[in-house]
Amino acid sequence: MTSYGLLANLIVDGFVSGCIYAMLAIGFSLTWWVSNVVHLAHGGVLVAAGLVLYLFVGIFGVPLPIGIAAALIAAGVLGFGTDRLIYQPLKERRTDEMGMLTASLGALIIIEYSLVIAFGLDGATLDAGAMRTPLAPSVVLVLDPFAIAVVVSTGLVFAALTGFMHFTVYGKRIQAVAQNPDLAGVLGIDIVGVARQTTLIAAFLVVPAASFMLYNTGVRPIEALHIVLVAAIVAIIGGRGSIIGALVAGIVVGVAESATVWYLAAGWRLLITFLILYAVLLYRPHGLFGRV
Amino acid sequence: MQYVIHLLITLNIYVILAISLDLLVGFAGLISLAQAAFFGVGAYTSALMTINGVPPFVAIAAGMFCAAALSGAIALPALRVRGIHLLIITIAVQIVTTLLLVNWADVTGGSAGVPGIPRLSIFGMPLSGVSFLSFATVCSVFVYFVMWRLLRSPYGKLLQAMRDDEIGCVALGKNVAAMKISAFAVSGAIAAFAGSLYAHYVTYVDPRSFDISISILILLMVMLGGAGTLRGPVLGAALLLALPELLKFVPLPLGVGAALRQLAYGLILVLVVFVRPEGLLGHRRTADAGTSA
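Note that the coordinates shown come from a computational prediction; the quantities given were computed from them, not determined experimentally.

A. Expanded view of the overall build of chain B. Of the regular secondary structure elements, chain B holds twelve helices and four strands. Radius of gyration (C-alpha) of chain B: 19 Å, near the 19 Å computed for a compact globule of 293 residues. Seen through its principal axes, chain B has C-alpha atoms that stretch 55 × 45 × 35 Å. A burial count over chain B gives 55% of its 293 residues as buried. For chain B, long-range pairs separated by at least 24 residues make up 79% of all intrachain contacts whose partners lie at least 6 apart in sequence. Counting only carbon and sulfur atoms, one obtains 71% of the accessible surface of chain B, whose full area is about 12100 Å².

Structural data, given as structure tokens:
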């Protein structure tokens, strides 16, 4: 294959992984924005959702929609449970920032290693089968129905989320609470209820990313910290709570990582992500689309 | 007996590491999960330099300098922000350091690591076993003492003031940026010193000894023992090094044991924040301090 053919492949591949990164980040970003919680356990919730999907589809052999429903329930229970059992009690005790970060790191570790004990270190992978037949083998090998499915569903999820935030009363309440919780409370918005809704939405949003990862590279419990690191980096680059920011930042990071693979070996991927983060924090600490 | 000496030397190394992190977490109020990266930078620098014929103590100083530079660079973008940004950037530095150690195989030997590091010798007397233990103990006591003096100096007082009220410090005309950078640099240098001790003691370094799980372990030592005290991290290091030794007596399948240990670390982290946020030996702070910073 020519060098430019390789580059085209890498850009398509980067775009697809960028979509997955954006999906990883959006739940983290929303929780951080609305509840002011650094939800590190997000990575654990994602891995758990992926493994539940594997359990139902790969082992029990149920149809995919039922598996996804099970993954949604698992993610909801776990995300909501973490919030109710750890974050909310700590907020009520007015625990300082250091305590909150430590507790959410602890929650991540607990979920991660419970999953290691339950599912083993290797995690799980499912084969996407016919979805992986290239559409245009002569031009871009990695462009297959699976890649298109990832991009299209990411687009749909982000469009739906934007619509929800701007055109429904629930979304507007979430925005109000995120921007000024005190004022929102005075105006009669149930802040705790809105925070719970956001937690659930954030938990449900891990399922698409988890299923893509399951059918693509596989889901390994041991990667939970790495997953939430990418999610947090994308959320910071995009700007706290910015939906379009998460999408753009995810794709920028994905394409940049792929381009790095063109020059250096695959092991160096994270280096470029980190350099982008460093530059953004130096020059635009509130992120590309963040409001100051 | 050999085994007890080994445990005590490891304890001394971790005491130095925990104290170095306590400077950031406990006294400056800056969270960091990159301590194992500086530990690794110190270990690799002094390992590679001594193998290439540089005198060990020069190599140790070089390692401390490299780690201080790297550590100070972390604080640079984190100046205007703290909390999550600092946490994420330190995790990223930690993971990138591991990545470098694994992938830059020409220099670091990749995942196989660097074997054959010469042992330290003082006045022609090689240090091993009990003599290395005495040396390590002297070092950790020295670090403890230096830190004790530092925290009572105007600099140390200012660090603690910054932890409690950063905006207040700025209003008093204090250079908070320089404080954060120097705190990171000092902490990184001390961790690198522990790394050099480790490299010369084990005579072999590999990337897995300096990965994120070690950083989490060090943070846990500080939080469990009591951030913001010097005795706390010492106790935390002793307790958490004893834990795996105790787990060895519980019969478990091979993989499960390691996972169970990590699980226990996670549980302890959450429990400490809930039950005793100031740590076992910590002082309880007043209710309003540090909530809004």
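Additional details are given in the paragraphs that follow.
B. Summary view of the overall build of chain A. The secondary structure content of chain A amounts to twelve helices and zero strands. Listing every helix and strand of chain A by position from the N terminus yields α-α-α-α-α-α-α-α-α-α-α-α. What you see for chain A is a C-alpha radius of gyration of 19 Å, in line with the 19 Å of a compact globule of 292 residues. Its C-alpha atoms give chain A principal-axis dimensions of roughly 65 × 50 × 35 Å. Counting every position in chain A, which comprises 292 residues, the buried fraction comes to 52%. Put simply, of all contacts in chain A between residues at least 6 apart along the chain, 74% involve residues at least 24 apart.

C. Representation of the pattern of salt bridges within the structure. Residues and elements named next belong to chain A. Going through the model one piece at a time under the given rule, you end up with seven salt bridges over all chains. In this structure, the salt-bridge partner of Glu 223 is Arg 220, at a minimum N-O distance of 3.2 Å. Connected via shared salt-bridge partners are Asp 13, Glu 257 and Arg 269.

D. Layout of the confidence of the model for chain B. All names here are of chain B. Taken over all residues, the pLDDT of chain B has a mean of 88, while the share at 70 or more is 95%. In the model of chain B, strand E3 (residues 125-126) stands out as the element of lowest mean pLDDT, 76, in contrast to helix H2 (residues 35-51), which has the highest, 94. When the criterion is pLDDT under 50, residues 287-293 qualifies, and its contacts beyond four places in sequence or with other chains add up to five contacts.

E. Local environment of the packing of helix H5 (residues 145-167) of chain A against helix H11 (residues 243-263) of chain A. Residues and elements named next belong to chain A. Where H5 meets H11, the closest approach of the two axes is 10 Å, and the angle between their N-to-C directions is 160°. It follows from the interaxial angle that H5 and H11 lie roughly antiparallel. Regarding H5 and H11, the two cross each other, and that crossing is left-handed. Touching Thr 154, Phe 158, Leu 161, Thr 162 and Met 165 of H5 are Ile 243, Ala 246 and Leu 247, all from H11. Residues belonging to the contact of H5 with H11 are distributed by class as follows: six nonpolar, two polar and no charged.

F. Structural detail: the interface of chain B and chain A. Each partner contributes residues to the interface: chain B has 43 residues there, and chain A has 42 residues. Taking both sides of the interface into account, the surface hidden between chain B and chain A amounts to around 4000 Å²; carbon and sulfur atoms contribute 82%. Three residues stand out in chain B for area buried against chain A, namely Ile84(B), Ile88(B) and Phe274(B), and they jointly supply 16% of the buried area on that side. Between the two partners, chain B and chain A, sit zero salt bridges. Across the chain B-chain A interface, the total number found is two residue pairs in polar contact (both at pLDDT 80 or more).

G. Looking closely at the nonpolar core. Of all hydrophobic cores here, the largest spans 191 residues; its most connected members are Leu24(A), Phe28(A), Leu277(A), Tyr14(B) and Val205(B). The element that contributes the greatest number of residues to this core is helix H1 (residues 2-28) of chain B, accounting for 15 residues. Those residues in contact with Leu277(A) that sit more than four places away from it in its chain are Ile233(A), Ile236(A), Ile237(A), Ile88(B) and Ile89(B).

H. Here's a closer look at the environment of Ala68(B). Residues and elements named next belong to chain B. Position of Ala 68 relative to the elements: it lies in helix H3 (residues 56-75). Each C-alpha atom, one on Ala 68 and one on Ile 190, is 8.5 Å from the other, the two residues being 122 residues apart in sequence. Each residue touching Ala 68, except ones within four places of it in the same chain, is listed here: Ala 185 and Ala 189.

I. Up close: H11(A). All names here are of chain A. The end-to-end C-alpha distance of H11 is 31 Å, a good match for the 30 Å that 21 residues give at a rise of 1.5 Å each. Among the residues of H11, Ile 243, Gly 245, Ala 246, Ala 249, Gly 250, Ile 251, Val 253, Gly 254, Ala 256, Glu 257, Ser 258 and Thr 260 are the ones counted as buried. Those residues of H11 that are buried lie in contact with helix H1 (3-34), H5, helix H10 (224-238) and helix H12 (269-283). Residue Ser 242 occupies the N-cap position of H11, its side-chain oxygen lying 2.9 Å from the main-chain nitrogen of Gly 245.

J. Representation of unusual backbone geometry in the model. Positioned with a positive phi, Asn36(A) is a non-glycine residue whose angle comes to about 55°. Along the chain, the position of Asn36(A) falls in the loop between H1 and helix H2 (42-60). According to the relative accessible area criterion, Asn36(A) is exposed, its value standing at 51%. Look at Thr203(B): it is not a glycine, yet its phi comes out positive at around 60°. Relative to the helices and strands, Thr203(B) resides in the loop between helix H9 (176-202) and strand E4 (204-205).

K. Broad picture of the side chain of Thr98(B). Checked against the element boundaries, Thr98(B) lands in helix H4 (residues 84-103). Setting aside its immediate chain neighbours within four residues, Thr98(B) contacts Phe210(B) and Asp211(B).

L. The arrangement of H1(A) in detail. Residues and elements named next belong to chain A. The end-to-end C-alpha distance of H1, which contains 32 residues, comes to 45 Å, matching closely the 46 Å that a straight helix rising 1.5 Å per residue would cover. Along its length, H1 reaches its greatest deviation from straightness, about 30°, at Ala 25. Most of H1 sits inside the fold, with 23 of its 32 residues counted as buried. Phi turns positive one or two residues past the end of H1, at Asn 36, with a value near 55°.

M. Focus on a nonpolar patch on the surface. Residues Leu135(A), Ile148(A), Val152(A) and Leu156(A) make up a contiguous nonpolar surface patch of about 370 Å² in total accessible area. Examined against the element boundaries, Leu135(A) turns out to sit in the loop between helix H4 (97-119) and H5.

N. Layout of the packing of H2(B) against H4(B). All names here are of chain B. Across the interface, H2 lies against H4 with an axial gap of 8 Å and an inter-helix angle of 30°. Classed by the angle they form, the pair H2 and H4 counts as roughly parallel. Considering the relative orientation of H2 and H4, their crossing is left-handed. Seen from H2, the contacting residues are Gln 35, Ala 36, Ala 37, Val 41 and Tyr 44; seen from H4, they are Val 93, Gln 94, Thr 97 and Leu 101.

Calculation notes
- Residues numbered from 1 in each chain as written.
- Chains lettered and ligands numbered in written order.
- Predicted model: local features only at pLDDT ≥ 70, side-chain atom pairs only at ≥ 80, totals over all residues.
- Heavy atoms only, no water.
- Helix = DSSP H or I, 4+ residues; strand = E, 2+ residues; numbered from the N terminus.
- Rg over C-alpha atoms; globule rule 2.2 N^0.38 Å.
- Buried < 20%, exposed > 50% of the residue type's maximum accessible area, 1.4 Å probe, protein only.
- Contact = heavy atoms within 4.5 Å.
- Areas by Shrake-Rupley, 256 points an atom, 1.4 Å probe, with all protein chains shown as cover.
- Salt bridge = Lys/Arg side-chain N within 4 Å of Asp/Glu carboxyl O.
- pLDDT = per-residue confidence, 0-100.
- Axes fitted to C-alpha atoms, helices over the stretch in contact; angles between N-to-C directions.
- Parallel < 35°, antiparallel > 145°, perpendicular 65-115°, else oblique.
- Left-handed = near helix turned anticlockwise from the far one by under 90°.
- Nonpolar A, V, L, I, M, F, W, Y, C, P; charged D, E, K, R; others polar.
- Buried area = accessible area lost by both parts, 1.4 Å probe.
- Polar contact = N/O pair within 3.5 Å; in protein donor to acceptor, adjacent residues only side chain to side chain.
- Core = buried A, V, L, I, M, F, W, Y, C linked by side-chain atoms within 4.5 Å.
- Expected span 1.5 Å × (residues − 1).
- Bend = angle between axes of the 7 residues up to and from the residue.
- Patch = residues over 30% accessible without salt bridge, like charges linked within 9 Å, V, L, I, M, F, W, Y side chains within 5 Å.

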